[in-house]
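# Geometric and topological summary
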Amino acid sequence: MWQDLVITIIGIILNLAMLPQITRGFKLKRKMMASSTALITTIGVLIVGYVFFTLNLYFSALLQIVGGTLWAILFIQSRIYKN
């Protein structure tokens, strides 16, 4: 399906865009985002990944799960590190 390809490409770009945010948090050892934002986004992205999986959009689902994991890392950083 062409939709799976388009969603996958966008997922790759968005996930790559998150990497500087995550690495900066680890470098500075400080909270970079509100915990509630990171938690809600983590849950939402993982649910979308599950929905894509049920629609047989496997590559899109995989990228959403990766994105959810990256958001979970931001959530963990927001809980461990303080400003």
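Below or above, wherever it landed, is the structure these notes cover. Every value quoted in this text rests on a predicted model; they were computed, and no experiment measured them. (Residues numbered from 1 in each chain as written. Predicted model: local features only at pLDDT ≥ 70, side-chain atom pairs only at ≥ 80, totals over all residues. Heavy atoms only, no water.)

### With respect to the overall build of the chain
Of the regular secondary structure elements, the chain holds three helices and zero strands. Secondary structure elements of the chain, listed N to C terminal, follow the sequence α-α-α. Along the first, second and third principal axes, the C-alpha set of the chain runs to 45 × 20 × 10 Å. With 83 residues in all, the chain has 33% of them scored as buried. For the chain, the accessible area works out to roughly 5,500 Å², and carbon and sulfur atoms hold 75% of it. (Helix = DSSP H or I, 4+ residues; strand = E, 2+ residues; numbered from the N terminus. Buried < 20%, exposed > 50% of the residue type's maximum accessible area, 1.4 Å probe, protein only. Areas by Shrake-Rupley, 256 points an atom, 1.4 Å probe, with all protein chains shown as cover.)

### Overview of the packing of helix 2 (residues 35-54) against helix 3 (residues 58-80)
The contact between helix 2 and helix 3 brings their axes to 8 Å, and the two run at 165 degrees. By the criterion of interaxial angle, the relationship of helix 2 to helix 3 is roughly antiparallel. The handedness of the crossing between helix 2 and helix 3 is left-handed. Residue classes in the contact of helix 2 with helix 3 are distributed as 14 nonpolar, nine polar and one charged. (Axes fitted to C-alpha atoms, helices over the stretch in contact; angles between N-to-C directions. Parallel < 35°, antiparallel > 145°, perpendicular 65-115°, else oblique. Left-handed = near helix turned anticlockwise from the far one by under 90°. Nonpolar A, V, L, I, M, F, W, Y, C, P; charged D, E, K, R; others polar.)

### A short note on helix 2
With 20 residues, helix 2 extends 29 Å from end C-alpha to end C-alpha; this agrees with the ideal 28 Å at 1.5 Å per step. Among the residues making up helix 2, those that are buried are Ser-35, Ala-38, Thr-42, Val-45, Gly-49 and Phe-52. Taken end-on, helix 2 shows its buried residues confined to a sector of 125 degrees, consistent with a single buried face. Among the exposed residues of helix 2, those oriented more than 90 degrees off its buried face are Ile-40 and Tyr-50. Those residues of helix 2 hidden inside the fold are in contact with helix 1 (2-28) and helix 3. Just beyond helix 2, the residue with positive phi is Asn-56, at close to 65 degrees. (Expected span 1.5 Å × (residues − 1). Arc of directions from axis to C-beta. Contact = heavy atoms within 4.5 Å.)

### Comments concerning the packing of aromatic side chains
Tallied over the full model, the rule gives one aromatic pair. Ring plane angle 65 degrees and centroid distance 5.3 Å describe the contact between Phe-53 and Tyr-58, whose orientation is recorded as edge-to-face. Given a relative accessible area of 44%, Tyr-58 falls into the partly exposed group. (Phe/Tyr/Trp six-rings, centres within 6.5 Å; stacked < 30°, edge-to-face > 60°.)

### Overview of helix 3
For helix 3, built from 23 residues, the straight-helix expectation of 33 Å at 1.5 Å per residue is met to within 8% by its first-to-last C-alpha distance of 33 Å. Inspection of helix 3 places Ser-60, Ala-61, Leu-63, Gln-64, Gly-67, Gly-68, Leu-70, Trp-71, Leu-74, Gln-77 and Ser-78 among the buried residues, and these make up the whole buried set. Tucked inside the fold, the buried residues of helix 3 contact helix 1 and helix 2.

### Looking at the nonpolar core
Residues Met-18, Ile-22, Met-33, Ala-38, Val-45, Leu-70, Trp-71 and Leu-74 constitute the largest nonpolar core, which totals eight residues. For this core, the secondary structure elements donating two or more residues are helix 1, helix 2 and helix 3. Per-element accounting of this core gives the leading share, three residues, to helix 3. Residues in contact with Trp-71, not counting those within four places in the same chain, are Met-18, Met-33, Ala-38, Thr-41, Thr-42 and Val-45. (Core = buried A, V, L, I, M, F, W, Y, C linked by side-chain atoms within 4.5 Å.)

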